[in-house]
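# Geometric and topological summary
Letter by letter, the chains look like this.
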Amino acid sequence: MFAIVRTGGKQYRVAAGDKIAVEKLAGEAGDVIALNDVLLAGDGGEVKDVAGVVVSAEIIAQAKAEKVVIFKKKRRHNYRRKLGHRQQHTILRIVAVGEEAKKAAPKKAAAAKTEAAAETPAAEAAPKKAPAKKAATKKAADTDSSADNA
């Protein structure tokens, strides 16, 4: 099964197992993301309904493209400007192209694990109390009261 997805203002034809480089997406290497903007889906020569179709991809790496050199020059005016730019992109491996229901279960399980991990440190941190504030010294109290009287 293949799909045409839109991400970063560009369109890509993807199938399970493909590797593509797209505009930078949020996430770390190893994270699994869902590409929800599916424009077309098909299997072999027939086109399928795109409602509910999600493309799931794994982030392989966050990288930079080759350097693009921008050089401006005006003849006989001693005007030269040189700049460089390296566009950031994300390299994705397409894990699966299919229905949303199939991909929702692993995310819920992963979310439950992260919630359980988040609750454990919070329970340990609860008994700790902030240290008591120290009483103001007599000298500081006298200067404050004299400033109020003036």
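Residues numbered from 1 in each chain as written. Predicted model: local features only at pLDDT ≥ 70, side-chain atom pairs only at ≥ 80, totals over all residues. Heavy atoms only, no water.

## With respect to the environment of V55
This is how the line gets drawn: In this text, helices come from DSSP runs of H or I with a minimum length of four residues, and strands from runs of E with a minimum of two, each type numbered from the N-terminal end. Note on classification: 1.4 Å probe, protein chains only; a residue is buried when its accessible area is under 20% of the maximum for its type, exposed when over 50%, partly exposed between these limits.
Relative to the helices and strands, V55 is located in strand 7 (residues 53-64). Of the residues examined, V55 reaches a relative accessible area of 0% and is grouped as buried.

## Points about the confidence of the model for the protein chain
Note the threshold: By definition, pLDDT measures how confident the predictor is in each residue, and it falls between 0 and 100. Whether two residues are in contact is decided by their heavy atoms, any of which lying within 4.5 Å being enough.
Here the protein chain shows a mean pLDDT of 81. Residues at 70 or above account for 67%. Counted against residues more than four places away or in other chains, residues 101-105, with its pLDDT under 50, gives two contacts.

## Points about a positive patch on the surface
Short version of the rule: Patch membership requires over 30% relative accessible area and the absence of a salt bridge. Like charges are linked within 9 Å, and nonpolar side chains (Val, Leu, Ile, Met, Phe, Trp, Tyr) within 5 Å. In short, Shrake-Rupley with a 1.4 Å probe defines the accessible areas, and a residue's cover is counted only from the protein chains shown. Note on definitions: salt bridges are taken to be side-chain nitrogens of Lys or Arg within 4 Å of carboxyl oxygens of Asp or Glu. Charge counting follows a simple rule: Lys and Arg are positive, Asp and Glu are negative, and His as well as the terminal groups are ignored. Where a charge lies is defined by one atom per residue type: Lys uses NZ, Arg uses CZ, Asp uses CG and Glu uses CD.
On the surface, K64, K67, K82 and R86 cluster together to form a positively charged patch. Here K82 shows up in strand 9 (residues 79-85).

## Comments concerning the environment of I60
Among the secondary structure elements, I60 is positioned in strand 7. For I60, a relative accessible area of 29% puts it in the partly exposed group. For the pair I60 and D31, spaced 29 residues apart in sequence, the C-alpha to C-alpha distance is 8.2 Å. Here I60 is in contact with K19, A29, I91, L92 and R93, once residues within four sequence places are set aside.

## Thoughts on the sheet that holds strand 10 (residues 88-99)
Put simply, the test is: DSSP calls a pair of strands paired once it identifies at least 2 bridges connecting them. In this description, a line fitted to the C-alpha atoms serves as the axis of each element, helices being fitted only across the stretch in contact, and the angle between N-to-C directions of two axes falls anywhere from 0 to 180 degrees.
Strand order in the open sheet formed by four strands is 3-10-7-4, and the pairing between neighbours is antiparallel. With one partner strand each, in any of the chains shown, strand 3 (19-23) and strand 4 (32-35) form the two edges of the open sheet. Across the sheet, the mean angle separating the axes of adjacent strands is 45 degrees when strand polarity is ignored. With 11 bridges connecting them, strand 7 and strand 10 associate as antiparallel partners. If you follow A63 over to strand 10, its bridge partner there is H89.

## Comments concerning the packing of aromatic side chains
Put simply, the rule reads: Each Phe, Tyr or Trp ring (for Trp, its six-membered ring) is paired with any other whose centre lies within 6.5 Å, and the angle between the two planes then decides the class: stacked below 30 degrees, edge-to-face above 60, tilted in between. Counting as a charge over the ring demands two things of the Lys NZ or Arg CZ atom: a distance within 6 Å of the ring centre and an angle within 35 degrees of the ring normal.
The final tally for this structure, using the stated rule, is zero aromatic pairs. The ring of Y79 has K74 sitting right over it, with the charged end atom 5.2 Å from the ring centre.

## A closer look at the side chain of H89
Among the structural elements, H89 can be located in strand 10. The exposure class of H89 is buried, given its relative accessible area of 17%. Those residues in contact with H89, other than ones at most four positions away along the chain, are A21, V22, E23, K24, A61, Q62, A63, K64 and A65.

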